[in-house]
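# Working through the structure, step by step
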Amino acid sequence: MKLINPKLTLYAFHLRNDLSEGSKKMVENADHLWNQCKKLGEKLQVPELQDLKAKLFKTKNKRNEDNLEVGVPASPDYPEKDYLELLGNTNGTEKLLHFSVPKTNSQTKHQITGEVYPLQLNDSFAIDITLRFCHGNIDDGENNESDDRDTIVDLQDIAKLNPDGFFFPENFQASLGQTLVLFTKLHIEENDKEKTDTDLALECLECLLSQQKKSISKKQIQKSLNFGTFLGSPIFEYDNGIEEPGENVHIIIWFNALPRTETEEAEGKYYQLLINLLHCRSRIYFAFSESIYCAVSARELYRNLKEKVEFFEKHSQDETDKKLQGLKDLLIETSKNNFDYTRHLRDLEIHHATILTNIRNYEYFLRKLKETYYPENPDDDLGFLRQVLIHSRQNLLTQIKVYQDYFNPSKNLYRETIDTIKALIAIIQTESDRAHQKELWEHDHHFHEELRERDRKFHEEARERDRNEDILLGSLGLGLGVSGVTSEVIPQPISIILSPDSTPSNNSQTKITPYLPFDILAHLILGTIFFAIAYFLFTCLFFIRRKSKNQQNQEGKNKNNSSSPTDSNPPNSSETTKTTTNSD
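Keep in mind it's a predicted model, so treat the numbers as computed, not measured.

Quick look at the overall build of the protein chain now. Each helix and strand in the protein chain was counted, giving 14 helices and 12 strands. Within the protein chain, the proportion of its 584 residues that are buried is 39%. Approximately 34,900 Å² of the protein chain is accessible, and the part contributed by carbon and sulfur atoms is 52%.

Let us look at helix α10 (residues 387-407). The terminal C-alpha atoms of α10 lie 29 Å apart, and with 21 residues this matches the ideal 30 Å at 1.5 Å per residue to within 8%. Of all the bends found along α10, the most pronounced is centred on Arg393 and spans about 35°. Among all positions in α10, only Val388, Leu389, Ser392, Leu396, Leu397, Ile400, Tyr403, Gln404 and Phe407 are buried.

Looking now at the nonpolar core. Trp34, Ile127, Phe167, Phe172, Phe230, Ile251 and Ile253 are the most contacted members of the largest nonpolar core, which totals 115 residues. Tallying contributions element by element places helix α8 (residues 271-314) first for this core, with 17 residues. When neighbours within four sequence positions are excluded, Phe172 is seen to be in contact with Leu10, Ala12, His32, Leu33, Gln36, Ile129, Phe166, Phe167 and Gln178.

It is worth spelling out the pattern of salt bridges at this point. Inspection of every chain in the model, using the stated rule, returns 21 salt bridges. Residue Asp82 pairs with Lys81 through a salt bridge whose shortest N-O separation is 3.6 Å. Using a relative accessible area of 43% as the deciding quantity, one classes Asp82 as partly exposed. Close ionic contact of Arg281 with Asp239 constitutes a salt bridge, the shortest N to O distance being 2.7 Å. Of the two residues, Arg281 is situated in helix α8 and Asp239 in strand β11 (residues 233-239); the sequence distance between them amounts to 42 residues. Residue Arg281 is classed as buried on the basis of its relative accessible area, which comes to 2%. Taken together, the shared-partner salt bridges connect Lys336, Asp340 and Arg343 into one network.

Another point: the pairing of strand β7 (residues 124-133). Side-chain positions along a regular strand alternate between the two faces of the sheet. Among the 10 residues in β7, 9 count as buried, and that is most of the element. In this structure, strand β1 (residues 2-15) lies alongside β7, joined through 9 bridges in antiparallel fashion. Counterpart to Leu8 in the pairing with β7 is Leu131. Where strand β6 (residues 112-121) and β7 come together, 10 bridges link them in antiparallel fashion. If you follow Gly114 over to β7, its bridge partner there is Leu131. Turn length for the β6-β7 hairpin, with the two strands adjacent in sequence and antiparallel, is 2 residues, and the turn residue Asn122 shows positive phi of about 60°.

The next point concerns unusual backbone geometry. One non-glycine residue, Asp164, lies in the positive phi region at around 55°. Secondary-structure assignment places Asp164 in the loop between β8 (152-154) and α4 (169-172). Positive phi, close to 55°, is recorded for Leu231, a residue that is not glycine. Here Leu231 shows up in the loop between β10 (225-230) and β11.

Let us look at the pairing of β11. Taken across its 7 residues, β11 has 7 buried, putting it largely inside the fold. Of the pairings in the sheet, the one linking β10 to β11 comprises 6 bridges and is antiparallel in character. Bridging across to β11, Phe227 finds its partner in Phe236. The turn linking β10 back onto β11 is made up of 2 residues, and Leu231 within it adopts a positive phi angle of 55°.

Our next topic: the confidence of the model for the protein chain. For the protein chain, the mean per-residue pLDDT works out to 81, and 83% of the residues sit at or above 70. Taken as a whole, residues 137-147 scores under 50 in pLDDT and shows 12 contacts with residues more than four places along the chain or in a different chain. In this model, residues 566-584 is a region of pLDDT below 50 whose contacts with residues beyond four sequence positions or in other chains number 3 contacts.

For Thr59, the position within the fold is in strand β2 (residues 58-61). Under the relative-accessibility criterion, Thr59 is labelled buried at 14%. At a separation of 2.8 Å, a polar atom in the side chain of Thr59 contacts the main-chain carbonyl oxygen of Gly71. Discounting residues that sit within four places of it in the chain, Thr59 has contacts with Asn67, Leu68, Glu69, Gly71, Val72 and Pro73.

In total, this model carries 16 aromatic pairs according to the counting rule given. Chaining the aromatic ring pairs together yields one cluster made of Phe183, Phe230, Trp254, Tyr270 and Tyr373.

Below, the discussion takes up the packing of α10 against helix α11 (residues 409-489). Between α10 and α11, the least distance of the axes is 4 Å, while the angle of their chain directions is 30°. The orientation of α10 relative to α11 falls into the category roughly parallel. On the side of α10, the interface is formed by Gln404, Asp405, Tyr406 and Phe407, while α11 contributes Pro409, Ser410 and Lys411.

Turning to the side chain of Ser297, a few remarks are in order. Mapped onto the elements of the fold, Ser297 is located in helix α8. Taking the relative accessible area as the measure of exposure, Ser297 reaches 14% and is therefore buried. Here Tyr293 takes part through its backbone oxygen, which lies 2.9 Å from a polar atom of the side chain of Ser297.

All told, the structure shown has 0 disulfides when counted by the stated rule. Its sulfur unpaired, Cys207 is 7.5 Å from the next cysteine sulfur, which belongs to Cys204. Its relative accessible area of 11% is what places Cys207 among the buried residues.

We now examine the environment of Ile188. Tracing the backbone shows Ile188 in the loop between β9 (177-187) and α5 (197-209). Taking the C-alpha atoms as reference points, Ile188 and Leu3, separated by 185 residues in sequence, lie 8.4 Å from one another. Excluding residues that lie within four positions of it along the chain, Ile188 makes contacts with Lys193 and Leu200.

What counts and what doesn't
Every chain's residues receive numbers from 1 upward, in the order its sequence appears when written. Per-residue local features of the predicted model are confined to residues with pLDDT of at least 70, and side-chain atom pairs are confined, for both listing and counting, to 80 or more; whole-chain, interface and lining totals are unaffected and use all residues. Side-chain numbers here rest on the full set of heavy atoms in the structure, without hydrogens or water. For helices the rule is a DSSP run of H or I covering at least 4 residues; for strands it is a run of E covering at least 2, with both sets numbered from the N terminus onward. In this scheme, a residue with accessible area under 20% of its type's maximum is buried, one over 50% is exposed, and one in between is partly exposed, where area comes from a 1.4 Å probe on protein chains only. Using a 1.4 Å probe, the Shrake-Rupley method yields the accessible areas, and only the shown protein chains count as cover for residues. The span you would expect from a helix comes to 1.5 Å times its residue count less one. To get the bend at a residue, fit one axis to the 7 residues ending there and another to the 7 starting there, then take the angle between the axes. Think of a nonpolar core as a cluster: buried Ala, Val, Leu, Ile, Met, Phe, Trp, Tyr and Cys residues, connected wherever their side-chain atoms sit within 4.5 Å. Note on contacts: a residue pair qualifies if any of its non-hydrogen atoms lie within 4.5 Å across the two residues. What counts as a salt bridge is simple: a side-chain nitrogen of Lys or Arg found within 4 Å of a carboxyl oxygen of Asp or Glu. A pair of strands is considered paired only if DSSP assigns at least 2 bridges between the two. The predictor attaches a confidence to each residue, and that confidence, scored 0 to 100, is pLDDT. Pairing of N or O atoms within 3.5 Å defines a polar contact, subject to two protein rules: one partner must be a possible hydrogen donor and the other a possible acceptor, and residues neighboring in sequence count only if both atoms are side-chain atoms. Working definition: rings of Phe, Tyr and Trp (its six-membered ring) pair if their centres are within 6.5 Å, and the pair is stacked with planes under 30 degrees apart, edge-to-face with planes over 60 apart, and tilted otherwise. All axes are obtained by fitting lines to C-alpha atoms, using only the stretch in contact for helices, and the reported angles, taken between N-to-C directions, cover 0 to 180 degrees. Angles below 35 degrees are treated as roughly parallel, those above 145 as roughly antiparallel, those between 65 and 115 as roughly perpendicular, and all remaining angles as oblique. Two cysteine sulfurs form what is called a disulfide whenever their separation falls within 2.5 Å.

Structure, rendered in structure tokens:
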């Protein structure tokens, strides 16, 4: 099978503004489509594609007048945002950017040409990149009856319109998704006459999908193929069933079977309705993929909450300070997780509302598409396009509702957990403060007791010293007094002891006898003896008095203890009754 005048069109959609962050704020990679065009221009050596961004319509950023942004803010202040042609606003230039691809050894004998049509659709950027073979016949030596304007190529040559699979989602990576449309007339050969349109469409799909990294069996492709009729010609839709925009492969094969199909397709009345229809489809799948992310994140937060609570329960017997710090850390982390959890639930509601809105818009554009061409094409059947609506209502919205029913009750659990943690922190903090105050009081009490004990010991030691000094001085005075008295009464005790017969005569003349050293020593020894006796007696007297005073103090303490309330409990009523009975 060969193809006549095939053209491959990529419709790619990328988010310009994240409305949840504000309609005037562009996402970080909002220029992704224009950067991809630059990469394609480098791959195909097309300078026009490399310089596309410089030719696009731009507006000033109100926050930074020197910064120009492609398109306009997605706000009601700019009504043209719903369908803004980004090349049609630049000095009245053409709305399409035409380019030609230089011939290389890797291409067919036909030169490739193309057009780029950049748009802004509300809060999204859209781009239409079309590649086709230039008009002219293949110089194969055969007698070809086709018109000179027609270009006939082998089926395998359509891979040249998607260089290295660049237009597949895994490579182009448009954030909202994309659709590939192959529009071609069939050149049926003898061995293809018995094949149905479905068989021919499958061959085209197999040729296009052969450039994917992931191999797909023919049975899988056939199972995912839908059939319809548009502008009188057969049209087929392939969807691999993956809602993730980066992995969803959506391909439309549209055969040019009638002259009116080619005419009306060239007029392009359907174009704006079709690109808006595909944009709504991409927004539905994008919103659902974001809801899956929210559900996965919420589930992870909920699992983390359970693990944290269980971990704390296992360590609830830790020391107070350690447990209190653990609770505070848990409260901070739980509060942050609660905010993230609530935000994910809010985003689930936003994605649910987004899908509902785009379902209504999809129905509107599909209805308008039918009404536009119904009088001329009453047999058109676009029922296959309604599969998105059925899938969205029965599967996508239902799944989001399941997520909401599953996660919404956990909001209360988060709040209750936070309240419980706060209550535990308050209780433990109060107990800790009370224990700390008690510890401080005991420390102060012990400190004052030590001071009082130190003062008491100091005063006792001072009294003891005074008492010892009194005893010492009293004994010393007594000894000196005795020594003085004896020195007056018996001035020469040693002489008397040595000469007992020599007594002084009354008649003899009185004369002064000097003291001998031994007499002085005798008086000192006598005074010392009396000093020792007096010191011993005084010490014994004070010891007896102190012992008597300590016994009196101990008896007073025992008396106070015996009269305390703990020792004077009332008797048991049963014992009283028993005593009364016995007395009777």
